[in-house]
Amino acid sequence: MRGTLAAGALLVLALAAGRPVDAASAGASVTVRVTQSVVVQALLGAPLSINDILDALRAPAGPSTGSVLIRLAQIAPALTQGVAAPGFAADAVPGMQAAMAGALTLPLSGTLQRELVAAVSLIGQEAGNDAQPSITVAFN
Amino acid sequence: MRSRPSPSRSTEPCHRWVALALLAAAGTAGAQTLSNTSPLSFGAFTAGSGGTIVLSTAGARSKSGGVLLVSQGGAAAAAQFSVTGTASAVYTITLPVDGTVLLSDGSNSMALNGFASSPAGTGILSGGGTAVLSIGATLTVGNAQAPGSYTGSFNVTVNYQ
Amino acid sequence: MLNSLKPFLRHGVGAACIAVVGLVPPIAQAADNASASATAEVLVPIAVVKATDLVFGNVVPGNGDITLSTSGARTRSGGTAFSTSGAAPTAAKFDITGSGNNTFSILYTGSDTVLTGPAAATMAIDWITEAVTTATPTNKTDETTDASTGTLASGAAFIYVGAKLTVGGAQAAGTYTGNVVVTVGYN
């Protein structure tokens, strides 16, 4: 019985292999987490105060998990003031500096003390969309 | 009158004269030589569940069973020998019999049988007294034959017919 | 002729013997033998194991691309963005073992067009692949050509797989998954 069971198992394995005997295979999983965006306010306009941002950050978390990002549809000069406020930082986004007009001095790395903001990206300038002065915040 | 010598007495000196004549002939006619000019190589392969690899006298490989031939790591080739001797002489070729040749890596071995030659059996030296001999054979690869470099050697004999 | 043969006759050599001597052909009875070496190379069966999965980390909806290089570095274009919090991004890594410095072919299968997320939402994906002889990827970001062959160095090689991900403006939030399978064989 043991002999036939072993032979049967080997046959199942051989059939399950489904590839030439001379080849070897291995697989890796691929995962991406898409975080949810929540539009906090539309047409915030400029100047934008850091309080607006903080209000958005304090809003209830959305159903999906992920880090919080602030996306600027357009250069918001007031945000430069927010940048000056302690604890506000943004991740470097390639091309962002070049797309800015004026002296926008966003720090290149770091995390918000409130552990909510993780990255900032500029969309309007790079995508040619300069008519959307809204901020979109994605919650953790 | 001298009596005719007895048959036994006459054959013995006859053999001596024949031997002397042959000796003289050997010194003047072409002695046959055989030399190996290139080795026999089966190239590289994976053993898998084992099988056989036939190397033709033209140096082409074919396999049976679970052996997988790989086209890299040294080209497969039939062994080549050079024969010299008397012009247009016929010569016989003697190859190793089955069960006498092994390739070994120091601890594991594979049997080399089914030797074949081109020309097969006998050959004829050219007008210049030369010929080329190609030798192929069949290698038996064991199930999960241990990986490594295997070597061995075999002997070939040629005889004037 | 018989007179010249008289000395032979005196020594008791018969006429038949002389005839035989006369007929001996001028060929040596020489034979010769030579030996040749025979060689064969049995290769270690080629094998591949996965060492690292491909992880993009967190990305934000927006029309654009996120590129994960073979070194695990992310770059973006268009309206999408990635976050540095969340899972650390890594390229997939496969370890190959075999014999010596032999070459091998590589085949990629699996989710080679889309990753699938919640409610069957999908995102287009294109592999970025390379095969190297040391465990050091070259930060390749080009997804247009895949490494279809590799070379072992002292019996070892590595395959790194990154990818270019196309994110949509209204990409549904959630976890998207897929797999990448590499198949290798001596060639």
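### Side note on the pairing of strand β9 (residues 109–118) of chain B
Side-chain positions along a regular strand alternate between the two faces of the sheet.
Residues and elements named next belong to chain B.
Phase 1: Across four bridges, strand β8 (residues 101–104) lies against β9 in antiparallel orientation. Among the inter-strand pairings, Val101 is bridged to a residue of β9, identified as Leu112.
Phase 2: Two successive antiparallel strands, β8 and β9, enclose a turn made up of four residues, where Gly106 displays a positive phi of approximately 110°.
Phase 3: As judged from the six bridges shared by β9 and strand β11 (residues 130–141), these two strands associate in the antiparallel manner. Along β11, the bridge assignment pairs Leu112 with Leu139.

### Some thoughts on the confidence of the model for chain A
Should pLDDT be low for a region, the predicted coordinates there are not to be read in detail.
Residues and elements named next belong to chain A.
Phase 1: Here chain A averages 40 in pLDDT, while 9% of its residues score no lower than 70.
Phase 2: Mean pLDDT in chain A bottoms out at helix α4 (residues 96–99), which sits at 28, and peaks at strand β1 (residues 24–34), which reaches 93.
Phase 3: This model gives residues 1–20 a pLDDT under 50, and the stretch forms three contacts once residues within four places in sequence are excluded.
Phase 4: Low confidence marks residues 61–140, where pLDDT is under 50. Its contacts with residues over four positions away, or in another chain, come to 165 contacts.

### Points about unusual backbone geometry
Residues and elements named next belong to chain B.
Phase 1: Note that the residue after Ser118, namely Pro119, is joined by a cis bond; omega there is 5°.
Phase 2: Mapped onto the fold, Pro119 is located in the loop between β9 and β10 (122–124).
Phase 3: Its identity as a non-glycine residue notwithstanding, Ser88 has a phi of 60°, on the positive side.
Phase 4: Among the secondary structure elements, Ser88 is positioned in the loop between β6 (79–84) and β7 (90–94).
Phase 5: For Ser88, a count of 11 C-beta atoms within 10 Å gives the class exposed.

Calculation notes
Residues numbered from 1 in each chain as written. Chains lettered and ligands numbered in written order. Predicted model: local features only at pLDDT ≥ 70, side-chain atom pairs only at ≥ 80, totals over all residues. Pairing = 2+ DSSP bridges. Helix = DSSP H or I, 4+ residues; strand = E, 2+ residues; numbered from the N terminus. pLDDT = per-residue confidence, 0-100. Contact = placed C-beta atoms within 7 Å. Buried ≥ 20, exposed ≤ 12 C-beta atoms within 10 Å, placed from the backbone.

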